[in-house]
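Structure at a glance
Here are the chains, one letter per residue:
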Amino acid sequence: MLTRLGATGWFQLVVFLIIFLVVCYALGKHNIYWDLTSDQRYSLTEGSKQVLRELSRPVSIRFYLSEEGNQLPVVLRNYSERVENLLRSVKQYGGDNIQLVQIDPQPDTSGMESASIDGIEARSISVESEFYMGLAFSSSGGRTSIPFLDPGRDQLLEYEIINNIANVSQTSKKAVGLISSLPIMQPGRTWNVIQKISESYELVPINSKEAVPAHIDSVIVVFPYKVSSSFDNVIDSFTARGGNLIVLLDSLSHSADIFQISKTSSGVTSAWPGLEQATGITFSNDNTVVDNVFGTELDRGEGIERLNYVLSIHSEGINPEHEITQALNKLTLVSSGSIQTSNYPELNFTPLVRSTELSALRPSEQILSSGKYENTVLNNQFQADPHVHIMAALVSGRLRSFTDGKLRSKAKTSTTIVIADTDFIADPYTGWIENIQGKRVFIPANHNVALLLNSLSHLHGNASLNQARSKASQSRPLFKLSELQMHIQNRHEHKIMSLSLELDSLIKSRDNYAFKNSESSANNIYDKTFRKTIEKKDMEIRRVSTELRLENKLLQEQITSITTRIKMLNIITLPALLAIAGMIFLSFRRHRCRTT
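1. Some thoughts on a nonpolar patch on the surface
Together, Val14, Ile18 and Val22 give the surface a local cluster of nonpolar side chains, amounting to about 260 Å² of exposed area. Inspection of the secondary structure assignment puts Ile18 in helix 1 (residues 2-29).

As structure tokens, this is what we get:
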């Protein structure tokens, strides 16, 4: 009797497992699933859904995937399924405006020819075997592609797909003006943030003495320095017609110092009295924000020390209610100034980024001249101010005159976003470049670039991509895993940032030396001293570059290792739980049968 009942119980358990697997397969086949990750990693953000629903013209997506002979490695095969699921979601929300086709580019076929035209690149599995896994997008606005879908960039997948769809569906890019006292857009030395902006907008350098062209609705002003009255007049006319501004000020600019812009004993600072007259804000151009909570541990060459003016700002200091910042959770500001609230009642003032209550203003001169000992003294003598400090804010309404601060009855409503730091968009503080499959790829370390891009999206009335863009600079497959990854990253972050700063400084030093000496003599290239100096600087650059590359590699290896172990644990856990549940079920059945 017990044997018969045991067999029945086992039969019921097997039937249950079969039904469970069939249901899971059916749900997966129809792209129905429940995303239980904390950041909805495997679901489209609401902003992405909105972009897809609002498409005004069809977009063709071609997914190139080598399938014949099932030659893809297991990791890439699994990732291709992740891509397929995401593309099905894209098709679901894009409807008839998304034309999705999958192509297997085998040799000597039309698929191979199509892949070549679309710029999809082959990758080698072995000496004799290649495979393709890439995406191409085309519409009336043009065509673009992701030549290879790298599993290591999984956190960027949704943003890259939706951003490419949005870009090709537009017949023309919106123009954004750029006025900068720093050389951030030089050929061969363009900052990464400028390259990211150029992917979605037409970036137009503006002469500060000439009127802003009529087709430009927003202007980014980076580090306004020794502002002239003619510049005030240009911006005055621009904002009067409804033009929007993003202004990056600074109380102590390390980037300007590197570029050898003339400085005072307090360092290189940026001030714009005309902006204060127009918006009613007050900027602390000679004081720097220090914060005991957001301070960062770094090595400046004298060992690890806590620098309370290098602010690693998390969600506590970021406005969760405004569309620009609601999806951001990590910013890095360096020697930031402070913005005081606008005192003009006709203007709306919205703080975006602020310090904690354990913060204070310190003279920039103290920060500039502090070594490890002086910095330790400053930390020990720290006393918090009675109020928090605002480091980024939005001012909207009819701005007053930039020349005299008077009301302008005919001025149109405009928006000005003020950020009290310039260094936060400099390459060492936004992320790093990695060589992935022969391509130089920018890996964001925080949401610094996202803050600027989200601000532009807000000014142009298209904030739909903000959530996906913010999602792109974080990797959170599991809650506990994200904590472990963050712990590993924090262990390496101070060294990576220090090496990045050192490398950037060495390159600029070499370039400045070469430029100055080439001006003095056209024959310097043959001068022995000149050649030895350049060779010595190049050797230092190679050393630091190698050290930085190895540190990044070590970081990625450790993150990959812990990710693999956690995922394997989760893969084993589900069958184990099912087995335990089955055993409990059988035990319960046997117990009931015995009692009856």
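Next comes the rest of the description.
2. Looking at the pairing of strand 7 (residues 174-180)
Of all the 7 residues making up strand 7, 5 are buried; the element is thus mostly covered by neighbouring parts of the structure. Bridge analysis of strand 7 against strand 8 (residues 201-205) gives 5 bridges, and the strand direction is parallel. Looking at the pairing, Leu178 lines up with Pro205 of strand 8. Where the polypeptide runs from strand 7 across helix 6 (residues 192-200) and back to strand 8, its parallel neighbour, the crossover connection is right-handed.

3. Observations regarding the pairing of strand 1 (residues 59-65)
In terms of burial, strand 1 is largely enclosed, as 7 of its 7 residues are buried. Across the two faces of strand 1 the burial is the same, with Val59, Ile61, Phe63 and Leu65 and Ser60, Arg62 and Tyr64 all buried. Two elements, strand 1 and strand 2 (residues 98-103), share 6 bridges in a ladder whose sense is parallel. Paired with Phe63 across the bridge in strand 2 is Gln102. Across 6 bridges, strand 1 lies against strand 5 (residues 133-139) in antiparallel orientation. If you follow Tyr64 over to strand 5, its bridge partner there is Gly134.

4. As for the environment of Ala166
As for its position among the elements, Ala166 is in helix 5 (residues 157-169). With relative accessibility at 11%, the residue Ala166 sits in the buried group. For the pair Ala166 and Leu55, spaced 111 residues apart in the sequence, the C-alpha separation amounts to 7.9 Å.

5. Structural notes on unusual backbone geometry
Leave glycine aside and you will find that most residues have negative phi; peptide bonds, for their part, are mostly trans. The phi angle at Asp108 is positive, at roughly 60 degrees, despite the residue not being glycine. If you trace the backbone, Asp108 turns up in the loop between strand 2 and helix 4 (110-118). With relative accessibility at 82%, the residue Asp108 sits in the exposed group.

6. Looking at the sheet that holds strand 14 (residues 304-313)
Ordered by their spatial adjacency, 3 strands build an open sheet running 13-14-15, and the pairing between neighbours is antiparallel. Here the strands that pair on one side only, and so sit at the sheet edges, are strand 13 (295-299) and strand 15 (331-334). Each adjacent strand pair in this sheet contributes to an overall mean axis angle of 55 degrees, direction not counted. Pairing between strand 13 and strand 14: 5 bridges, direction antiparallel. If you follow Glu297 over to strand 14, its bridge partner there is Arg306.

7. A closer look at the sheet that holds strand 2
Read across the open sheet, the 4 strands follow the order 2-1-5-6; overall the sheet is mixed. Strand pairing shows two members of the sheet lacking a second neighbour, strand 2 and strand 6 (142-146), which therefore form its edges. Across the sheet, the mean angle from the axis of one strand to that of its neighbour is 15 degrees, orientation sign disregarded. Against the sheet, helix 4 engages strand 1, strand 2, strand 5 and strand 6, with an angle of about 115 degrees to strand 1.

8. Considerations on the packing of helix 6 against helix 13 (residues 448-459)
Here helix 6 crosses helix 13 at 35 degrees, and the two axes come no closer than 10 Å. Crossing of helix 6 over helix 13 shows right-handed handedness. Contact residues: helix 6 offers Val193, Lys196 and Ile197, while helix 13 offers Val449, Leu452, Leu453 and Leu456. Of the residues in the contact of helix 6 with helix 13, the class split is 6 nonpolar, no polar and 1 charged.

9. A closer look at the environment of Phe402
Along the chain, the position of Phe402 falls in the loop between strand 19 (390-397) and strand 20 (414-419). When sequence neighbours within four positions are dropped, the list of residues in contact with Phe402 reads Asp232, Ile235, Asp236, Thr239, Leu245, Trp272, Gly274, Leu275, Gln277 and Ala278.

10. With respect to the nonpolar core
Ile197, Val222 and Ile313 are the most contacted members of the largest nonpolar core, which has 55 residues in total. With 7 residues, helix 13 is the largest single contributor of residues to this core. Membership of the second largest hydrophobic core comes to 31 residues, among which are Ile281, Tyr344, Val395 and Val418.

11. So, the pattern of salt bridges
One side chain can pair with another of opposite charge once the charged atoms of both are near each other. Counted under the stated rule, the structure contains 9 salt bridges. Between Arg123 and Glu121 there is a salt bridge, and its shortest N-O distance comes to 3.2 Å. Between Asp236 and Arg408 there is a salt bridge whose closest N-O contact spans 2.8 Å. Of this pair, Asp236 sits in helix 7 (residues 229-240) while Arg408 sits in the loop between strand 19 and strand 20, and the two are 172 residues apart along the sequence. As far as the burial class goes, Asp236 and Arg408 line up, both buried. If you follow the salt bridges from partner to partner, you end up with Arg62, Asp118 and Arg143 in one network.

12. Some remarks on the side chain of Thr415
Mapped onto the secondary structure, Thr415 falls in strand 20. Assessed through its relative accessible area of 15%, Thr415 is described here as buried. When sequence neighbours within four positions are dropped, the list of residues in contact with Thr415 reads Asn244, Leu245, Leu394, Val395, Ser396 and Leu459.

13. A word on the packing of aromatic side chains
Across all of its chains, the model carries 4 aromatic pairs by this definition. Arranged with centres 5.9 Å apart and planes meeting at 65 degrees, the rings of Phe131 and Phe148 form a pair that is edge-to-face. Here the residue Phe131 occupies a position in strand 4 (residues 129-131), and Phe148 occupies one in the loop between strand 6 and helix 5, the gap between them amounting to 17 residues. Owing to a relative accessible area of 4%, Phe131 belongs among the buried residues under this scheme. Linked through ring pairs, Phe231, Trp272 and Phe402 together constitute an aromatic cluster. Across from the ring centre of Tyr344, 3.7 Å away, lies the NZ or CZ of Arg400, which sits over that ring.

Scoring rules and cut-offs
Every chain begins its residue count from 1, and numbering advances along the sequence as written. The model is predicted, so local features are restricted to residues of pLDDT at least 70 and side-chain atom pairs to those at 80 or more, both for listing and for counting; the totals for chains, interfaces and linings are taken over all residues. Neither water nor hydrogens contribute to the side-chain values; these are computed over all heavy atoms in the structure. Two distance rules govern patches: like charges are joined within 9 Å, and nonpolar side chains (Val, Leu, Ile, Met, Phe, Trp, Tyr) within 5 Å, applied only to residues with over 30% relative accessible area and no salt bridge. Here the accessible surface of atoms and residues is derived via Shrake-Rupley with a 1.4 Å probe, and residues count as covered only by protein chains that are part of the display. Put simply, a salt bridge is a Lys or Arg side-chain nitrogen that is within 4 Å of an Asp or Glu carboxyl oxygen. Strands here are runs of E lasting at least two residues and helices are runs of H or I lasting at least four, both read from the DSSP assignment and numbered beginning at the N terminus. Burial classes follow relative accessibility: with a 1.4 Å probe on protein chains only, a residue under 20% of its type's maximum area counts as buried, one over 50% as exposed, and anything between as partly exposed. Paired strands, in this sense, are two strands between which DSSP finds at least two bridges. If the strands point away from the viewer and the path from the first strand over the helix to the second runs clockwise, then the crossover is right-handed. Between N-to-C directions, angles span 0 to 180 degrees; the directions come from axes that are lines fitted to C-alpha atoms, helices contributing only their stretch in contact. Pairs of residues are marked as contacts when any of their non-hydrogen atoms sit within 4.5 Å. Working rule for handedness: look at the near helix, and if it is turned counterclockwise from the far one by less than a right angle, call the crossing left-handed; if clockwise, right-handed. Gly is placed with the polar residues, together with every amino acid not listed as nonpolar (Ala, Val, Leu, Ile, Met, Phe, Trp, Tyr, Cys and Pro) or charged (Asp, Glu, Lys and Arg). Buried Ala, Val, Leu, Ile, Met, Phe, Trp, Tyr and Cys residues form a nonpolar core when they are joined through side-chain atoms within 4.5 Å. Pairing of aromatic rings covers Phe, Tyr and Trp, the last counted by its six-membered ring, and requires centre-to-centre distances within 6.5 Å; plane angles under 30 degrees mean stacked, over 60 mean edge-to-face, and any other angle means tilted. In our convention, an over-ring charge means Lys NZ or Arg CZ found within 6 Å of a ring centre and within 35 degrees of that ring's normal.

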